[in-house]
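Working through the structure, step by step
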6 protein chains.
Amino acid sequence: MNVVVQNIPRADPAIIKDLGAAGVATVHEAQARTGLLASYIRPIYRGASIAGSAVTILAPPGDNWMLHVAIEQLQPGDILVLGTTEPSDAGYFGDLLATSAKARGCRGLIIDAGVRDVRDLEAIGFPVWSKAICAQGTIKETLGSVNVPIICAGAAINPGDVIVADDDGVCVVAHGEAETVNKAAQARIANEEEKRARFEQGELGLDMYDMRDRLEKAGLIYV
Amino acid sequence: MNVVVQNIPRADPAIIKDLGAAGVATVHEAQARTGLLASYIRPIYRGASIAGSAVTILAPPGDNWMLHVAIEQLQPGDILVLGTTEPSDAGYFGDLLATSAKARGCRGLIIDAGVRDVRDLEAIGFPVWSKAICAQGTIKETLGSVNVPIICAGAAINPGDVIVADDDGVCVVAHGEAETVNKAAQARIANEEEKRARFEQGELGLDMYDMRDRLEKAGLIYV
Amino acid sequence: MNVVVQNIPRADPAIIKDLGAAGVATVHEAQARTGLLASYIRPIYRGASIAGSAVTILAPPGDNWMLHVAIEQLQPGDILVLGTTEPSDAGYFGDLLATSAKARGCRGLIIDAGVRDVRDLEAIGFPVWSKAICAQGTIKETLGSVNVPIICAGAAINPGDVIVADDDGVCVVAHGEAETVNKAAQARIANEEEKRARFEQGELGLDMYDMRDRLEKAGLIYV
Amino acid sequence: MNVVVQNIPRADPAIIKDLGAAGVATVHEAQARTGLLASYIRPIYRGASIAGSAVTILAPPGDNWMLHVAIEQLQPGDILVLGTTEPSDAGYFGDLLATSAKARGCRGLIIDAGVRDVRDLEAIGFPVWSKAICAQGTIKETLGSVNVPIICAGAAINPGDVIVADDDGVCVVAHGEAETVNKAAQARIANEEEKRARFEQGELGLDMYDMRDRLEKAGLIYV
Amino acid sequence: MNVVVQNIPRADPAIIKDLGAAGVATVHEAQARTGLLASYIRPIYRGASIAGSAVTILAPPGDNWMLHVAIEQLQPGDILVLGTTEPSDAGYFGDLLATSAKARGCRGLIIDAGVRDVRDLEAIGFPVWSKAICAQGTIKETLGSVNVPIICAGAAINPGDVIVADDDGVCVVAHGEAETVNKAAQARIANEEEKRARFEQGELGLDMYDMRDRLEKAGLIYV
Amino acid sequence: MNVVVQNIPRADPAIIKDLGAAGVATVHEAQARTGLLASYIRPIYRGASIAGSAVTILAPPGDNWMLHVAIEQLQPGDILVLGTTEPSDAGYFGDLLATSAKARGCRGLIIDAGVRDVRDLEAIGFPVWSKAICAQGTIKETLGSVNVPIICAGAAINPGDVIVADDDGVCVVAHGEAETVNKAAQARIANEEEKRARFEQGELGLDMYDMRDRLEKAGLIYV
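Rules used in this analysis
- Residues numbered from 1 in each chain as written.
- Chains lettered and ligands numbered in written order.
- Predicted model: local features only at pLDDT ≥ 70, side-chain atom pairs only at ≥ 80, totals over all residues.
- Heavy atoms only, no water.
- Helix = DSSP H or I, 4+ residues; strand = E, 2+ residues; numbered from the N terminus.
- Contact = heavy atoms within 4.5 Å.
- Areas by Shrake-Rupley, 256 points an atom, 1.4 Å probe, with all protein chains shown as cover.
- Lys, Arg positive; Asp, Glu negative; His and termini not counted.
- Charge placed at Lys NZ, Arg CZ, Asp CG, Glu CD.
- Salt bridge = Lys/Arg side-chain N within 4 Å of Asp/Glu carboxyl O.
- Polar contact = N/O pair within 3.5 Å; in protein donor to acceptor, adjacent residues only side chain to side chain.
- Buried area = accessible area lost by both parts, 1.4 Å probe.
- Nonpolar A, V, L, I, M, F, W, Y, C, P; charged D, E, K, R; others polar.
- Phe/Tyr/Trp six-rings, centres within 6.5 Å; stacked < 30°, edge-to-face > 60°.
- Buried < 20%, exposed > 50% of the residue type's maximum accessible area, 1.4 Å probe, protein only.
- Lys NZ or Arg CZ within 6 Å of the ring centre and 35° of its normal.
- Least-squares fit on C-alpha atoms with pLDDT ≥ 70 in both.
- Pairing = 2+ DSSP bridges.
- Expected span 1.5 Å × (residues − 1).
- Patch = residues over 30% accessible without salt bridge, like charges linked within 9 Å, V, L, I, M, F, W, Y side chains within 5 Å.
- Right-handed = clockwise from strand over helix to strand, strands pointing away.
- Axes fitted to C-alpha atoms, helices over the stretch in contact; angles between N-to-C directions.
- Parallel < 35°, antiparallel > 145°, perpendicular 65-115°, else oblique.
- Left-handed = near helix turned anticlockwise from the far one by under 90°.

1. Digging into the overall build of chain A
Assigned secondary structure in chain A consists of eight helices and twelve strands. Each of the three principal axes of chain A carries a C-alpha extent, and together these read 65 × 40 × 35 Å. Of all intrachain contacts in chain A linking residues separated by at least 6 positions in sequence, the fraction that spans at least 24 positions is 76%. Of the accessible surface of chain A, which amounts to about 8000 Å², a share of 49% is contributed by carbon and sulfur atoms. Across chain A, the centroid of the 20 positively charged side chains sits 2 Å from that of the 29 negatively charged ones.

As structure tokens, then:
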């Protein structure tokens, strides 16, 4: 059955903003090292850093019809997240769709497939994290679904989950855990700043984390 | 038999220029989604965009002898296109060969193998689309051919075909179809500009392409 | 047995500097096309070019404990080189460890695994050549060794070997051969500069290297 | 939070048996071409064909502790299904664990990682579908979970789902849909038998499926 | 334009038989090491060895409509060879199509995509060389062509070319060169039998091929 | 410098025999989980299980000249182990070389490249573990070395090291550690037999290894 779910929950914008500022590595750590998409998903250009609510798309291989359907469901601050029913590297998305999505307030696209017009996308500032850059065109013949649970690059994503994406990759935070994870992330950031200052002064991790005893007990030998 | 074909047909420079301006994705669409090289061929640096006539090279694995032979066959505006008789990631091409090719008016290299000295190549503005960046040296022991039909990254390329390459990848247009494809490409560009303006205004693809009826007939359900 | 070798030989800083200026492709050629790491090791950002003495790390998969141990062994000008006992793409290294290593004078990291916080690493100017960019966290449970012979990306590396890394990849020069290789590299550079000037004037490699006779004898036919 | 869910629903054994007899390709078609695990999951030996209820395992990379925990949860007819929190090719499972699982009535293992002792596994008739055959040992240091929803080879699997595996790969049927899918599968089998007989007599698919008109309308030209 | 070419040339059956008996490695050597398909194309079961005339298929990704069209064009002794317009691992072919093709005298299938029902295919003795074993179903929506030049696994194949396939892979011989290549192959076989006998007696290749002088001149040192 | 080392140490035949009987997984465990070659090295046919002394070969890409040189250095019970200076999938080795090696008492070949004539190799009982099955021919133009330290599939191998290979892959034991490793392997085997019997009786690993307390302390929760 092919459905479009029209009303999805979205997390608090302030929390989304904080998670975005924390970044992928920190958010991933803050939720016990879960939620990371596979590392083959890479940004099409460097320097973009976004967070937003997932509008999910389940699409057939080489068929981008559902992207048009999904764009109507976007609210400002959302991120499109596309998984496929079968692997595909085709170029589902290019400058026209980006123009349309951007006009609806979309912050970016995470796609377990290909994308094209990458220079245009950088020029208009629409960031994409994809499996491939590939000009191969797609068709509009087979239905998929919008705002259903999907798997994207090995991670389970539900509509309304918070997506965080930067140069390190992409991480998903379940809608219901956004606040908790954000608290853990902010605590981690505060803690890291203090450590960074000590490392800059030349202090060693061996001392900062009291590792010497444990290393000796584990049997490490200095020669 | 190892041959060098010395006189090859070349397409009209004005058409080549237009195809280059249209770009890979548009040209690929304009010829019914054919001609694309495999997406593992990537530019060694971003932002280059070229079009030109293919001077083709069929080379043994790890042997770049034929590149020297091919450079003599270059005319201003040509693009070197190298396929191998067996997969190789070795660095067939570097700054010296680029200097030589550039001095003959060559616009770039498409190579189903490796390339090195990539920082120098960017500095002198000689773009390369390759399978790998790899410093591994090559030998000059075994003949290949120049200006014969080759397969490069899964695409059949004949000498004199038009090559279009940009950040989206590489596309080939058969010499005899360059004019027809160009007309289709230009029509597509005109059409896309009008659509882009409407997308910027927030119009949906669902409405612009009259998709709603067809989606309903296909069975899409909104919940 | 898990050991940390505390005193390792290091090559003459002047030679290291020269090898770094020569670059990966030239050094690789100067030592008879040996010493190259596999081409899947890529810089996390473009434009960095370093040379230094290898402080080697043999690490378990997904466990970065030994990086803390290795940082204590660093002297200014050293480069961390990490190989794993089993393949891993996890993110062993990020901004905190980079801050610590940089504070000890470390010039960069070569890692046959993943790295994260890549935007921060570029911001502080700590270059890394890695197999993957991946935010996946690591644990600190299992010992490895520091300054033992390792295999990194298919190349054998001993502590104190000279590492050269730039946009073309990474090359290792055995500690005892640094001087000899450097002489060959410098000779090669001098030779290439003269050739580059002649190529710029339009001279062909076919003539410069007297290839025409040999090509004819090998059976190349011009048509 | 690391949990072991002790009581999971299981589908009707008669339905499971029927689905197993239908095989992966038919079951996949019968549920609208969904549920297939990625094709990199391959049987360690040919000819095995199983179906059963999934006892799921979420395991850390290179750590097989949870397999011991999961084996206690097995009932006769179950299939172990292991997904990892991070990619790993290590050999999580070998002849001892197979002996233990088999003694509890387990029908086989689906694992998005590596397996070893494959000759022994074939000898005792314990089939495995895995990503790799790899002797690399694993540790028992970090908790995971048993009988929670997992992703295995790109497919979402819940505890108690029906797993069907044969030489074509692996397919999952949601627990609640087993009966419906089975009916569709049986209908499909009946239909295929009649077609097979007609194909054997030389009848063409073009005629059997009335394709000629549609091909002509689509524009196919015979020359 | 989508076409079906109905009458294609075929090579002499006696020559095809001889080439099949010679096998892939010998035929590849006999035509100067050309014609080999990429080594990722593997037999779905071991021990099959076939030769025949290529009936070629150019198919869209995930769409097997043209296979039905191609089967009508088969003559006894032919081999189906399928290339795609875009990479796909989907299962284009299974037991029903195999039954149909076999009823028309087809000897096997070479496919740069996926295949399913592999146990049935082995049972009925219909060999396939494919890129993947994958149960994923395909659609019948988009035209391709039959008996046009295609690229399959990196090799250019024309309708009527001779295909040789065995456990070593697949090799293509151009229709017009079949007789010449066969003579070279037979000469090679005669020559190898004599060598094999000498090797069995313990004679060394170093002596049989008079390599010692050449090795010494090249600088090989025995220590 | 290209050398052939003519006299290499070899381990005690009785120890080699025992290590072979222990098999790859057990030997790998017995030496603290080291020595495993990368899992992409697979047997060309199933069921072979060998152990012997390594005669090592360092070969250029696509050049099998050194195999002829190495065969002269073989003693009965040896195993050829070939690493390349650059990645290659070409078919370095086929039935003639196998006949020659077998006549000298060689037990098999481990090769980080391709092999061909695989059906013949199985017929004469000469097992090979390789990266690829590929009919692509090689040349005899460039020297390498014999019986020098090499890297093969990511593992460092010295001439005279003990190689163990079976369906699980390949493991290397340093010449000087063969006796120690063998003792550990035999102890492990004795221990496993007792465990296997208990597992067959239905005893759980949780009880056999006293894991329940440790799991509880680690925080595992049963629900």
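The discussion continues.
2. Thoughts on the interface of chain A and chain C
At the junction of the two partners, chain A supplies 36 residues and chain C supplies 37 residues. A salt bridge links Glu 72 of chain C to Arg 212 of chain A; the nearest nitrogen and oxygen atoms lie 2.9 Å apart. Applying the counting criterion to the chain A and chain C interface returns 16 residue pairs in polar contact (both at pLDDT 80 or more). Secondary-structure elements contributing two or more residues to the side of chain A that touches chain C are helix H2 (24-30), helix H6 (178-200), helix H7 (205-208), helix H8 (212-218) and strand E12 (221-222) of chain A.

3. Details of the interface of chain A and chain E
Each partner contributes residues to the interface: chain A has nine residues there, and chain E has nine residues. Where chain A abuts chain E, roughly 520 Å² becomes buried across the two surfaces, and 39% of that area is made up of carbon and sulfur atoms. Counting the contacts that link chain A with chain E gives zero salt bridges. Taken together, the connections running from chain A to chain E amount to zero residue pairs in polar contact (both at pLDDT 80 or more). Of the residues assigned to the side of chain A that touches chain E, the class counts are two nonpolar, four polar and three charged.

4. Focus: the packing of aromatic side chains
For the coordinates displayed, the defined rule picks out twelve aromatic pairs over all chains. Ring centres of Phe 93 of chain C and Phe 126 of chain C lie 5.5 Å apart, and the angle between their planes is 25°; this geometry places the pair in the stacked category. Of this pair, Phe 93 of chain C sits in strand E5 (residues 91-93) while Phe 126 of chain C sits in the loop between helix H5 (118-124) and strand E7 (128-133), and the two are 33 residues apart along the sequence. Of the two residues, Phe 93 of chain C and Phe 126 of chain C, neither departs from the other in class, the shared state being buried. The positively charged end of Arg 214 of chain C is found above the aromatic ring belonging to Trp 65 of chain B, 4.2 Å away from the centroid.

5. What about the side chain of Thr 138 of chain B?
Mapped onto the secondary structure, Thr 138 of chain B falls in the loop between strand E6 (128-133) and strand E7 (145-146). The class of Thr 138 of chain B is buried, set by a relative accessible area of 4%. For Thr 138 of chain B, the side chain forms a polar contact with the side chain of Asn 64 of chain B, separated by 3.3 Å. Ignoring sequence-local partners within four residues, the contact set of Thr 138 of chain B consists of Gly 62, Asp 63, Asn 64, Ala 90, Gly 91 and Tyr 92 of chain B together with Arg 33 of chain C.

6. Describing the relation of the copies chain A and chain E
For the pair chain A and chain E, the superposition axis carries a translation of 0.0 Å, the fit reaches an RMSD of 0.0 Å, and the rotation angle comes to 180°. The superposition operator between the copies reduces to a two-fold rotation axis. When C-alpha positions in chain A are compared against the rotation axis, the closest is assigned to Ser 88 of chain A, at 3.7 Å.

7. Re unusual backbone geometry
All names here are of chain D. Although it is not a glycine, Ala 32 sits at a positive phi angle of roughly 60°. The residue Ala 32 is located in the loop between helix H2 (24-30) and strand E2 (42-43) in this model. The class for Ala 32 is exposed, based on a relative accessible area of 61%.

8. Points about the pairing of strand E10 (residues 162-166) of chain A
Each regular strand displays side chains that alternate between the two surfaces of the sheet. Residues and elements named next belong to chain A. Within E10, five of the five residues are buried, which leaves it mostly tucked inside the rest of the structure. Burial along E10 is two-sided: the residues Val 162, Val 164 and Asp 166 and Ile 163 and Ala 165 are all buried. Pairing geometry for strand E3 (residues 50-59) and E10, over four bridges, is antiparallel. Bridge pairing in E10 places Ser 53 opposite Val 162. Pairing of E10 with strand E11 (residues 169-173), which is carried by five bridges, proceeds in the antiparallel orientation. Considered in E11, the bridge of Asp 166 is made with Gly 169. Between E10 and E11, which pair antiparallel in sequence order, lie two residues.

9. Digging into helix H6 (residues 178-200) of chain D
For H6 of chain D, with 23 residues, the first-to-last C-alpha span of 32 Å sits near the 33 Å given by 1.5 Å per residue. Of all the residues in H6 of chain D, the buried ones are Ala 178, Val 181, Asn 182, Ala 185, Glu 192, Lys 195 and Phe 199 of chain D. Contact partners of the buried residues in H6 of chain D: helix H1 (13-22), H2, strand E10 (162-166), strand E11 (169-173) and helix H7 (205-208) of chain D together with helix H4 (95-103) of chain E. With its phi angle positive at about 100°, Gly 202 of chain D sits one or two positions after the end of H6 of chain D.

10. Considering a nonpolar patch on the surface
There is a patch of nonpolar side chains on the surface, built from Met 1 of chain A together with Ile 221 and Val 223 of chain B and spanning about 350 Å² of accessible area. Positionally, Ile 221 of chain B belongs in strand E12 (residues 221-222). Taking the relative accessible area as the measure of exposure, Ile 221 of chain B reaches 36% and is therefore partly exposed.

11. Overview of the pairing of strand E5 (residues 108-115) of chain E
Residue and element names in this part refer to chain E. The buried fraction of E5 is high, at eight of eight residues. Following the chain from strand E4 (residues 78-84) across H4 to the adjacent parallel E5, one finds a crossover that is right-handed. Inspection of the sheet shows E5 paired to strand E6 (residues 128-133) by five bridges, in the parallel sense. Bridge pairing in E6 links Gly 114 to Ala 132. Considered for its hand, the β-α-β crossover made up of E5, helix H5 (residues 118-124) and E6 is right-handed.

12. Observations regarding the environment of Tyr 92 of chain A
Along the polypeptide, Tyr 92 of chain A turns up in the loop between strand E4 (78-84) and helix H4 (95-103). Separated by 56 residues in sequence, Tyr 92 of chain A and Val 148 of chain A have C-alpha atoms that sit 19 Å apart.

13. Looking at the packing of helix H1 (residues 13-22) of chain A against H6 of chain A
Residues and elements named next belong to chain A. Between H1 and H6, whose axes approach to 10 Å, the crossing angle comes to 40°. Classified by the interaxial angle, the pair formed by H1 and H6 is oblique. Note on packing geometry: the crossing formed by H1 with H6 is left-handed. Listed contacts from H6 to Ile 15, Asp 18, Leu 19 and Ala 22 of H1 are Ala 178, Glu 179, Val 181, Asn 182, Ala 185, Gln 186 and Ile 189. Partitioning the contact of H1 with H6 into residue classes produces seven nonpolar, two polar and two charged.

14. Examining the relation of the copies chain A and chain C
The two copies are related by a screw operation: chain A maps onto chain C through 120° of rotation and 0.0 Å of translation along the axis, at an RMSD of 0.0 Å. Viewed as a symmetry operation, the transformation between the two copies matches a three-fold axis.

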